[in-house]
Amino acid sequence: MDFALNEDERAIEDVARRFAVARLAPFAATWDETAYFPVETLREAAALGFAGIYVKSDVGGSEMSRLDAALIMEELSAGCTSTAAFISIHNMASWMIDRFGSEEQRRRFLPSMTTMERIASYCLTEPGSGSDAAALKTRAVKDGDHYVLNGSKAFISGAGVSDIYVCMVRTGEDGPKGISCLVVEKGTPGLSFGKHERKMGWNSQPTAQVIFEDCRVPVANRIGAEGEGFRIAMAGLDGGRINIGACSVGTARAALDEAKAYVGERKQFGRAIADFQATGFKLADMATDLEAARLMIRSAAAALDRRDPRATMLCAMAKRFATDTGFRVANDALQLHGGYGYLKDFPAERHVRDLRVHQILEGTNEIMRVIVAREMFRQ
C-alpha cells in the first residue's frame, strides 16, 4: 500500500495549486464582500480541465479519477472555498449526463459544459424535502413528447445564472422509485428563479430557488429511464461528498497555515504566542486531525475509483469526518488570532463562514451517520 502520489497526480495537484494561488486567493475576499460570481475565472479553470474532471474525453472531458478530483478540490479550496465548491457542483452535473445520458445527450450538452461555456446546477433539494430527498414533490406529467413541470427547488447554487439544471422530479409513484432526472435549459418557458438568498458564506456563488410553473421540458432531455432519477442522484452524491470533504481540508489547511504565521509574529507577555506550549499543542492537534481527514478523503476516493462495494459508506464516513474536522480547525485558527480573527481584515472569519455549510450540504452529517449505520448492518 503506497500512500504517496504518483508523478501524474503530483502534476495535477501542482497545476491546481498554482491556479488557486494566482487566480483565486488574491480575489476571494472581494468576491465574498461583493457577492461576485467569477464566471470568467471559472472558464479559466475549465481550460485547465477542471470542468469535466471525470467526463470522457470524446466530449471534452479530462477522464481523471475521483482521487484526482479530491486533489484538485483541496488545492482550489485553499484559494477560494466558495468558487471551488461551485466547480464541484458543475462537475457532478456533468458527470451525471456523461454516465447516465444517451450518446445524443452527451454530445448535445457536454462539449459546452466542459468549457463552462454553459454552466450547470444540480437540483434535488426542495423547500419541503431536504434530508428526506425521496419525498420531493416537484411533479413532471408527460404530455406528448414533453413533460410539464410544476414545483420548486431550494438552495440551488448558480440558480438564475446557470444555463443547465439537472433536476430530480416526480414522474411516478411516491418514494424513490417514482423519481426521474431531467435536464432543464435556461430560457425554457415556465422556468423562473427566486430572489438571491442572503447567506452566511459561499457568497461568490448565487443561491436561489428554481421554480417550475407549467414548464415544458422535452422527453428527449430525460437522463436515463423513468424511475431511475433517485439512483442517479445518489450516485452523484458519493463523488460530491468526497469533493466537499476535500474542499473542507483545503480551506482548513489554508486557515492552519495563516494561524501558524500569525502566532509566530504576534507577541504577548513578552514573547511570540507560538512559544507557549498551549499554542503548540493546539497547532499539533489541528495538523494531526487535518492529516487524518485528508487520508480518509483520499481512501474514499480510491474506493470509488475501484468500485469498492463499501464506497458509499466510506464516502459518507469521509465527508462527515472531513467537514467536521475542517470547520473545527478553521474555528480554532480564528481563536488563535484572538480579536483580529473576528475582523474581515483577516481571512480567518471567511474560512469559518464558508466551511459551516459543508456540514449541511451533500447530505447533512447526521444523514452521513444514518448511511454508515445502515451500511454496517448490511455487511
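Report on the accompanying structure. (Residues numbered from 1 in each chain as written. Predicted model: local features only at pLDDT ≥ 70, side-chain atom pairs only at ≥ 80, totals over all residues. Heavy atoms only, no water.)

On a plain count of helices and strands, the protein comes out with 11 helices and 10 strands. In terms of overall dimensions, the protein is globule-like: its C-alpha atoms have a radius of gyration of 21 Å, near the 21 Å expected for 379 residues. The principal-axis extents of the C-alpha atoms in the protein amount to approximately 80 × 45 × 40 Å. Taking the contacts inside the protein whose residues are at least 6 apart along the sequence as the reference set, 74% of them involve residues at least 24 apart. Accessible surface, the protein: about 16,500 Å² in total, of which carbon and sulfur atoms supply 54%. Of the charged side chains in the protein, 47 are positive and 50 negative; the average position of the first set lies 3 Å away from that of the second. (Helix = DSSP H or I, 4+ residues; strand = E, 2+ residues; numbered from the N terminus. Rg over C-alpha atoms; globule rule 2.2 N^0.38 Å. Contact = heavy atoms within 4.5 Å. Areas by Shrake-Rupley, 256 points an atom, 1.4 Å probe, with all protein chains shown as cover. Lys, Arg positive; Asp, Glu negative; His and termini not counted. Charge placed at Lys NZ, Arg CZ, Asp CG, Glu CD.)

A word on the pattern of salt bridges. When charged atoms on two side chains of opposite charge get close, those side chains can pair. Following the criterion strictly, the structure yields 33 salt bridges and no others. A salt bridge links Lys142 to Glu226, with the nearest nitrogen and oxygen atoms 3.8 Å apart. With Lys142 in strand β2 (residues 139–143) and Glu226 in the loop between β8 (222–223) and α7 (229–265), this residue pair connects regions lying 84 residues apart in the sequence. With relative accessibility at 47%, the residue Lys142 sits in the partly exposed group. (Salt bridge = Lys/Arg side-chain N within 4 Å of Asp/Glu carboxyl O. Buried < 20%, exposed > 50% of the residue type's maximum accessible area, 1.4 Å probe, protein only.)

With 29 residues, helix α8 (residues 277–305) ought to run about 42 Å at 1.5 Å a step, and its terminal C-alpha atoms sit 42 Å apart, in line with that. When we look at burial in α8, the residues that qualify are Thr279, Leu283, Met286, Leu290, Ala293, Arg294, Ile297, Arg298, Ala300, Ala301, Ala303 and Leu304. Arg307, located one to two residues past α8, shows a positive phi value of around 60°. (Expected span 1.5 Å × (residues − 1).)

The contact between helix α1 (residues 7–24) and helix α3 (residues 39–47) brings their axes to 12 Å, and the two run at 160°. Relative to α3, α1 is oriented roughly antiparallel. Crossing of α1 over α3 shows right-handed handedness. Residues Phe19, Arg23 and Leu24 of α1 form the contact with α3, whose participating residues are Thr41, Glu44 and Ala45. Residue classes in the contact of α1 with α3 are distributed as 3 nonpolar, 1 polar and 2 charged. (Axes fitted to C-alpha atoms, helices over the stretch in contact; angles between N-to-C directions. Parallel < 35°, antiparallel > 145°, perpendicular 65-115°, else oblique. Left-handed = near helix turned anticlockwise from the far one by under 90°. Nonpolar A, V, L, I, M, F, W, Y, C, P; charged D, E, K, R; others polar.)

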